[in-house]
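Residue-level structural notes
Each chain, written out:
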Amino acid sequence: MARRKIREYDSKRLLKEHIKRLANFEIPICSAQVTKSTDFTEVLEKEAWLSSKRLVVKPDMLFGKRGKSGLVALNLDLAQVIQFVKQRLGREIEIEGCKGPITTFIIEPFIPHKEEYYFAIDSERLGCNISFSECGGIEIEENWDKVNSIFLPTDSPLTDGELAPLIASLPLEVRGKIGNFMKGVFAVFQDLDFSFIEMNPFTLVDGEPYPLDMRGELDENAGFKNEEKWGNVEFPLPFGRVLSPEETFVEELNEKSKGSLKFTLLNPGGRIWSMNAGGGASLIYTDTVGDLGYASELGNYTEYGGPTEEEMVKLARVILNFATANPDGRKRALLVGGNIANLTDVGATFDGIIRALREKKTELQKANMHIYVRRGGPNYKTGLAKMQALGEELGVPVEVYGPDAVMSGIRNRAIEGI
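Residues numbered from 1 in each chain as written. Predicted model: local features only at pLDDT ≥ 70, side-chain atom pairs only at ≥ 80, totals over all residues. Heavy atoms only, no water.

In the annotation of an unreviewed UniProt entry, the protein chain is listed under the name ATP citrate synthase and assigned to Corchorus capsularis. In its Catalytic activity (unreviewed entry) section, the UniProt entry covering the protein chain states "oxaloacetate + acetyl-CoA + ADP + phosphate = citrate + ATP + CoA". Checking UniProt for the protein chain, the heading Sequence similarities (unreviewed entry) contains the comment "Belongs to the succinate/malate CoA ligase beta subunit family." (UniProt positions renumbered as here; feature names shortened; annotations may be inferred.)

Now the structure itself:
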């Protein structure tokens, strides 16, 4: 499961759009998103409530503690909101050691309230943790001993009986409504493949539950079945993370591809570089390097699945440009391959990698590169034979292994080599 954070705006949009269908009641959520490209005149035409209500404005940037950081403005009119946004849009701030510009805000109605409740659903391997507290709000961490939780096994319904221990101390007149609200949110959680939802706080508006702050994460791997339900959901980068030109290039390549290509630059000065197929194998390889104490030497995270030969050439060029830069005489390792492919033509993807390696023959020698290959799947014997023959042509050591070799063992060989 690939848990990806989404903006508060999208979390609330999805909740509002789907809770009526799944739980047969509505939540009158109003919210507007603002970025540098926003035309407030156009937003006002679409969201007329902006001119008639007192408002709240805050960054929508995947970080918390916005109130404690002085980044939330309350009880403003629209003119004050516009001024607040213009003064801060694009400004660089620091949150818990991460620096970055504020690029996105969310605007909502200002809702005076007394009650502040906490509610969260967090997916785990065998089910979900469901948590509730009558003491929500910005002091939730200081009152964490007042948060009660239950564990609900996978595919189990959230019944009144399951909820009873969490809400038993609530006044009778709100217990039923809050319980139904929690069951409705859980239905959305399951139907849309959320992996995490947190409301801190939600409150009561005219006696009905209403989320004031909300965080959400979706299982990105479930996107294939939720395209219509999710709509134009955005998966932003974590706050403070800015794509390099090379990462942007691979991302654009991925968007045009029928396959999958991903590249994250971790350490340009690293000595261990990878061209791994499949997310599972890539994670195993990456985690093994970390477990062996060499995470600081890992140059990149890469995974691919089903690319064309030409796409593989372009991805390999990006990796090799970094992997061979600034030779210092010390050995470097390049790991190629992955697990046993089901559909990916190993011979074709290796042809792309081989083309890129040939282009970098001189640079590979200067960088003192050692190449380790492990792969199985369609045409793997042909691909491995080509890689084995390439070693003599390039003049660099190449070790080739088939699917009988243990994946994590190849990482051991690479670390021993450097």
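1. Regarding unusual backbone geometry
Peptide bonds are, in most cases, trans, and in most cases residues other than glycine have a negative phi. Cis rather than trans, the peptide bond between Asn 200 and Pro 201 has omega equal to 0°. Checked against the element boundaries, Pro 201 lands in strand 11 (residues 194-205). Backbone geometry places Asn 24, a non-glycine residue, at a positive phi of 65°. Following the sequence through the fold, Asn 24 ends up in the loop between helix 1 (8-23) and strand 2 (32-34). Its identity is not glycine, yet Asp 193 carries a phi of approximately 60°, on the positive side. For Asp 193, a relative accessible area of 16% corresponds to the buried category. (Helix = DSSP H or I, 4+ residues; strand = E, 2+ residues; numbered from the N terminus. Buried < 20%, exposed > 50% of the residue type's maximum accessible area, 1.4 Å probe, protein only.)

2. Some remarks on the pattern of salt bridges
Overall, the coordinates contain 29 salt bridges when judged by the stated rule. One salt bridge in this structure joins Arg 3 and Glu 217, with 2.9 Å as the shortest N-O distance. Placement of the pair is Arg 3 in strand 1 (residues 3-6) and Glu 217 in strand 13 (residues 214-219), with a sequence separation of 214 residues. A salt bridge links Glu 359 to Arg 317; its shortest N-O distance comes to 2.7 Å. (Salt bridge = Lys/Arg side-chain N within 4 Å of Asp/Glu carboxyl O.)

3. Looking at the environment of Thr 159
Here Thr 159 shows up in the loop between strand 10 (148-153) and helix 4 (160-167). The exposure class of Thr 159 is partly exposed, given its relative accessible area of 35%.

4. Considerations on the packing of aromatic side chains
A full pass over the atoms with the stated rule returns 12 aromatic pairs. With a centroid separation of 6.3 Å and 80° between ring planes, the pair formed by Phe 84 and Phe 105 is classed as edge-to-face. One end of the pair, Phe 84, is in helix 3 (residues 78-88); the other, Phe 105, is in strand 7 (residues 105-109), with 21 residues separating them in the sequence. Accessibility assignment for this pair places Phe 84 and Phe 105 in one class, buried. Note on Trp 273 and Phe 322: the rings are 6.4 Å apart at their centroids and 5° apart in plane angle, and the pair reads as stacked. You can see Trp 273 sitting in strand 15 (residues 272-277) and its partner Phe 322 sitting in helix 9 (residues 309-323), a full 49 residues away along the chain. (Phe/Tyr/Trp six-rings, centres within 6.5 Å; stacked < 30°, edge-to-face > 60°.)

5. Considerations on the UniProt feature "domain: ATP-citrate synthase ATP-grasp" (unreviewed entry) in the protein chain
UniProt annotation of "domain: ATP-citrate synthase ATP-grasp" (unreviewed entry) refers to residues 3-230 when read in the numbering used here. The distance separating the terminal C-alpha atoms of residues 3-230 is 15 Å; by composition the span is 31% helix and 32% strand.

6. Observations concerning the domain arrangement of the protein chain
One can read the domain layout of the protein chain as domain 1 (3-28 + 113-230), domain 2 (32-109) and domain 3 (245-416). Centre-to-centre, using C-alpha coordinates, domain 1 lies 42 Å away from domain 3. (Domains from an automatic or database assignment.)

7. Remarks on the confidence of the model for the protein chain
Residue-level pLDDT values for the protein chain average 89, and 97% of them are 70 or greater. Between the elements of the protein chain, mean pLDDT differs from a low of 74, seen in helix 8 (residues 279-291), to a high of 97, seen in strand 7. (pLDDT = per-residue confidence, 0-100.)

8. Focus on the sheet that holds strand 3 (residues 55-59)
The 4 strands are arranged 2-7-3-4 in an open sheet whose pairing can be described as antiparallel. Both edges of this open sheet fall to strand 2 and strand 4 (73-76), since each of them pairs with a single strand only. With strand direction ignored, the average angle separating the axes of adjacent strands in the sheet is 25°. Both strand 3 and strand 4 contribute to a ladder of 2 bridges, which runs antiparallel. Its bridge partner being in strand 4, Leu 55 is matched across the sheet by Leu 76. With respect to the sheet, helix 1 is in contact with strand 2, strand 3 and strand 7, its orientation differing from that of strand 7 by roughly 45°. (Pairing = 2+ DSSP bridges. Axes fitted to C-alpha atoms, helices over the stretch in contact; angles between N-to-C directions. Contact = heavy atoms within 4.5 Å.)

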